[in-house]
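# Chain and residue survey
Here is how the chains run, residue by residue.
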Amino acid sequence: MAIEDGVNGEASSWDAPSPRLRVLRHYEVAACTLVALILAVIITVVVDATVAGVTAVIGVILVGAIADVIAGRRVRAWGYAERAEDLLVKRGVMFRRMSVIPYGRMQYVEVTAGPFERAFGLATVQMHTAAAASDARIPGLPAVEAARLRDQLTSLGEAHAMGL
Amino acid sequence: MSEPLAPEPPAGLSPPQPRALAGLGGDWQRLHPLSPLVRAGRGVLTIVVIVLIPTVASRQGSLGNDLAHVGVLVVIFVLGVISWLVTRWRVEGGVLRVESGLIRRTSERFPLSQIQAIDTVRPGLARVFGLTELRIRLASGSGKAGRLAYLTNAEAETLRARLLALSHGVAEAAPASPAPTPEQTLVSVPPGQLFASLLLTGTGLVLELAIVGLLVLAIVAPAVESAAISAGAVGLLGLAVSLFRRFNGDYRLTVTDAPDGLRLRAGLVETSAETIPQGRIQAIRMIEPLAWRPFGWCRLEVDVASQKSKGRQDRNQAKAARALLPVGSREQGALLVAKVFPGLPSERLAPPARARWKSPLRFHYLSCAANERYAVATSGRLQRATDWVPLEKVQSIRLLEGPIQRRLRLSSIHLDTAGRKVHAVLRDRDRMEGMQLLGELPDQCRHARQLEDRSHRSS
């Protein structure tokens, strides 16, 4: 049984971040690669070392391509499932992790959207508990879905609320 | 076992304190006039010494210089008097109110019904004047403590007993205080053992090695000696001070079993009596360093729920999360753990043998177990550490698989609590077992919480 199969083989239907998150990550990697490329070209021109310069440019493009593939796999690995009593969040490719956060332990829900996320109509939902180590962040949700999840989690949290 | 506990006379025996009782009756009361002096403590003493000694010693100093020094003293004195004048407290309508500050006035309210514990603290200077600080801890999540610093010992004792009685719903008109129930002493740490154990900690060993090194150097090459001493002095002093602080804080630590939790009394210069409320403990950790193992000693630390530390007051609270037992035999440790968490899982499960590839060193002690109330995990090689976490305190559960673990079909389960330091990690379990745990533990945690709620309501 793999970690993807959900808890106890229970057919949890995983929800995933929006496909637009993949596009956003494409652009992010491309932007970083472009900056690195420009730097490499400038240095090549200034130092006037053609062979090293060409190698550097190829290297940068290669690293960019690998980073893009990894970013894509990380986006695909991300998933969450709302169950009756708790929220399940899974993520990670190299280090896989799956968190179970009971609704009753929720202290508050945070919805954030950076400038680039906003441009893509995306938002990040994070659920906070009294434990600092709790890890319940879901990035790249469509704004409407993020708002729905926030309201849903808030009302479930109130229903299950309990003290420390 | 019940040896007389010197620092605190039973509240019932002390004569009624008119001032404290007036405060309970709803009249505004001031703290003890010496409070600002004690609170400023060493700071003021240092200033006085720095200012006074040159003034007195060097008579040839100019008059203006003397006046400036006297002026500083007068300003400090006036500030102290003002802070005493503007700080006052009273109990009114089931709420303890403390007001302080002249320019930025603060007024704090502590509902008596929410009082969870009242600790008493006596710094060295306060003991000289026979004063006590009361620290009132509320049950609400913020974990903010109210301070009444300082009252006379007898006043503090009366007030503590009355406040606790009020918080338990005894009518305000009731006479003095109910007879305090005798507390059973669970464990006390002899100073000799504490001293020896501190010498065997990492810090202690470094300090001893350095001292031995210096002695050898003094015999072999006396010329280098003074230079080496001056170079290493600051570092050594720092180590010695940190060791002394632990010795000072845990000196003659006695754990007694009070009705509302475990009561810890300790201290050489500053003595304190604090209560660790039973229901607030998030986790316990037992640590057995390598150097202690020949003697079979261990150290117990408890983690209580609290917010992130900021400022002086919270640093004192962080002490509440300190050692429950600075040093003791394994039997004493086990006794305390069983007292706090009754019904722990008895047998442990070792991880699969292939976990040795991932954790070659800690594999030796690696084990874990969980029953319907508690989870326990042991790890570490040089310093064996065992963590106990009550399932009703678990905030979230995480399953982690690193690249090596994935190849070996292993996974680790983390149980997060609201405590700051300790959280249990069921490390390197078989993947199937890990998934099964991840499926079962949330339900078990919920059941444990419901059991806990029910027992609270019935009591």
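It should be noted that the structure appears before, not after, this text.
Residues numbered from 1 in each chain as written. Chains lettered and ligands numbered in written order. Predicted model: local features only at pLDDT ≥ 70, side-chain atom pairs only at ≥ 80, totals over all residues. Heavy atoms only, no water.

Now for the overall build of chain B. Each helix and strand in chain B was counted, giving 14 helices and 20 strands. Going through the 459 residues of chain B one by one, you find that 47% of them count as buried. Long-range pairs, those at least 24 residues apart, make up 58% of the contacts in chain B between residues at least 6 apart in sequence. Carbon and sulfur atoms form 63% of the exposed surface of chain B, whose accessible area is close to 22,500 Å². (Helix = DSSP H or I, 4+ residues; strand = E, 2+ residues; numbered from the N terminus. Buried < 20%, exposed > 50% of the residue type's maximum accessible area, 1.4 Å probe, protein only. Contact = heavy atoms within 4.5 Å. Areas by Shrake-Rupley, 256 points an atom, 1.4 Å probe, with all protein chains shown as cover.)

So, on to a nonpolar patch on the surface. Residue and element names in this part refer to chain A. Among the surface-exposed residues, Leu34, Val35, Ile38, Leu39, Ile42, Ile43, Val46 and Val47 lie close enough to one another that they form a single nonpolar patch of about 790 Å² accessible area. Within the fold, Ile38 resides in helix 1 (residues 19–47). Residue classification places Ile38 among the partly exposed positions, given a relative accessible area of 48%. (Patch = residues over 30% accessible without salt bridge, like charges linked within 9 Å, V, L, I, M, F, W, Y side chains within 5 Å. Salt bridge = Lys/Arg side-chain N within 4 Å of Asp/Glu carboxyl O.)

The next subject is the interface of chain B and chain A. Each partner contributes residues to the interface: chain B has 29 residues there, and chain A has 27 residues. Of the roughly 2,500 Å² buried where chain B meets chain A, counting both sides, 58% is carbon and sulfur surface. Viewed at the interface, chain A and chain B are joined by one salt bridge. Joining chain B to chain A, the criterion identifies nine residue pairs in polar contact (both at pLDDT 80 or more). Looking at the side of chain B that touches chain A, the elements that each hand over two or more residues are strand 18 (396–401), helix 13 (403–407) and helix 14 (431–458) of chain B. Looking at the side of chain B that touches chain A, the element that brings in the most residues is helix 14 of chain B, giving nine residues. A breakdown of the residues in the side of chain B that touches chain A according to their chemical character gives eleven nonpolar, eight polar and ten charged. As paired elements, strand 3 (residues 96–102) of chain A and strand 18 of chain B share five bridges and run antiparallel to each other. By the bridge assignment for strand 18 of chain B, Arg96 of chain A is matched with Glu401 of chain B. (Buried area = accessible area lost by both parts, 1.4 Å probe. Polar contact = N/O pair within 3.5 Å; in protein donor to acceptor, adjacent residues only side chain to side chain. Nonpolar A, V, L, I, M, F, W, Y, C, P; charged D, E, K, R; others polar. Pairing = 2+ DSSP bridges.)

A word on the environment of Tyr251 of chain B. Residue and element names in this part refer to chain B. One can find Tyr251 in the loop between helix 9 (222–250) and strand 9 (254–258). Tyr251 sits 19 residues away from Glu270 along the chain, and the two C-alpha atoms are 9.7 Å apart. Excluding residues that lie within four positions of it along the chain, Tyr251 makes contacts with Pro191, Leu194, Ala266, Gly267 and Leu268.

Counting 37 residues, the largest nonpolar core has Ile281, Ile284, Leu300, Leu324 and Leu336 of chain B as its most contacted members. Per-element tally for this core: the top contributor is strand 13 (residues 297–304) of chain B, with five residues. Aside from chain neighbours lying at most four places away, what touches Ile281 of chain B is Ile276, Val302, Asp303, Val304, Val340, Phe341, Pro390 and Lys393 of chain B. One finds Ala81 and Met98 of chain A together with Val389 and Val394 of chain B within the second-largest nonpolar core, a separate group that totals 24 residues. (Core = buried A, V, L, I, M, F, W, Y, C linked by side-chain atoms within 4.5 Å.)

This part is about the packing of aromatic side chains. Summed over all chains, the structure comprises six aromatic pairs over all chains. On the basis of an interplanar angle of 80 degrees and a centroid distance of 6.3 Å, the ring pair of Trp292 of chain B and Trp297 of chain B is categorised as edge-to-face. Each member of the pair Trp292 of chain B and Trp297 of chain B is classed as buried. Seen in terms of ring centroids, Phe295 of chain B and Trp297 of chain B are 4.8 Å apart; in terms of plane orientation they differ by 25 degrees. Their pairing is stacked. Among the aromatic residues, those joined into a cluster by ring pairs are Phe195, Phe247 and Tyr251 of chain B. Just above the ring of Trp14 of chain A sits the side chain of Lys90 of chain A; from NZ or CZ to the centre is 4.9 Å. Positioned above the aromatic ring of Trp28 of chain B is the side chain of Arg88 of chain B, whose terminal nitrogen or guanidinium carbon lies 4.3 Å from the ring centre. (Phe/Tyr/Trp six-rings, centres within 6.5 Å; stacked < 30°, edge-to-face > 60°. Lys NZ or Arg CZ within 6 Å of the ring centre and 35° of its normal.)

Here we take up the sheet that holds strand 6 (residues 131–138) of chain B. All names here are of chain B. With antiparallel pairing, seven strands are arranged side by side in an open sheet as 7-6-5-11-10-9-8. Since the sheet does not close on itself, it has two edges, and those belong to strand 7 (145–152) and strand 8 (184–188), each with one partner. Strand-to-strand twist in this sheet, taken as the mean axis angle between neighbours without regard to direction, amounts to 20 degrees. Looking at chain direction, strand 5 (residues 115–122) and strand 11 (residues 271–277) are connected through three bridges and run antiparallel. Each residue of the ladder has a partner; that of Arg122, found in strand 11, is Thr271. Each of strand 8, strand 9 and strand 10 (261–266) is contacted by helix 11 (residues 330–340), which is oriented at about 135 degrees to strand 8, the strand it contacts most. (Axes fitted to C-alpha atoms, helices over the stretch in contact; angles between N-to-C directions.)

Before going further, it helps to spend a moment on the pattern of salt bridges. Evaluation of the coordinates by the stated rule reveals 29 salt bridges over all chains. A salt bridge links Arg22 of chain A to Asp68 of chain A, with the nearest nitrogen and oxygen atoms 3.5 Å apart. Here Arg22 of chain A, found in helix 1, pairs with Asp68 of chain A, found in helix 2 (residues 50–77); they are 46 residues apart in sequence, far enough to count as distant. Each member of the pair, Arg22 of chain A as well as Asp68 of chain A, is classed as buried. A salt bridge links Arg299 of chain B to Glu301 of chain B; its shortest N-O distance comes to 3.0 Å. Neither Arg299 of chain B nor Glu301 of chain B differs from the other in exposure class; each is buried. Here the salt bridges share partners, and the residues they tie into one network are Arg88, Arg90, Glu92, Arg97, Glu99 and Arg105 of chain B.

Residue and element names in this part refer to chain A. Taking 1.5 Å per residue, 28 residues should reach 40 Å; helix 2 reaches 41 Å between its end C-alpha atoms and fits that length. Within the span of helix 2, buried status applies to Gly53, Val60, Gly64, Asp68, Ala71, Gly72, Val75 and Ala77. Looking at the buried positions of helix 2, the neighbouring elements they touch are helix 1, strand 1 (79–82) and strand 2 (86–91). (Expected span 1.5 Å × (residues − 1).)

Quick look at helix 11 of chain B now. For helix 11 of chain B, every residue scored as buried is listed here: Gly333, Leu336, Val337 and Val340 of chain B. Down the axis of helix 11 of chain B, the smallest arc covering the buried residues is 100 degrees, so these residues share one side. (Arc of directions from axis to C-beta.)

All names here are of chain B. Considering all chains together, one arrives at zero disulfides over all chains under this definition. Left without a disulfide partner, Cys445 is nearest to the cysteine sulfur of Cys368, which lies 14 Å away. On the basis of relative accessible area, Cys445 is assigned to the buried category, the value being 3%. (Disulfide = S-S within 2.5 Å.)

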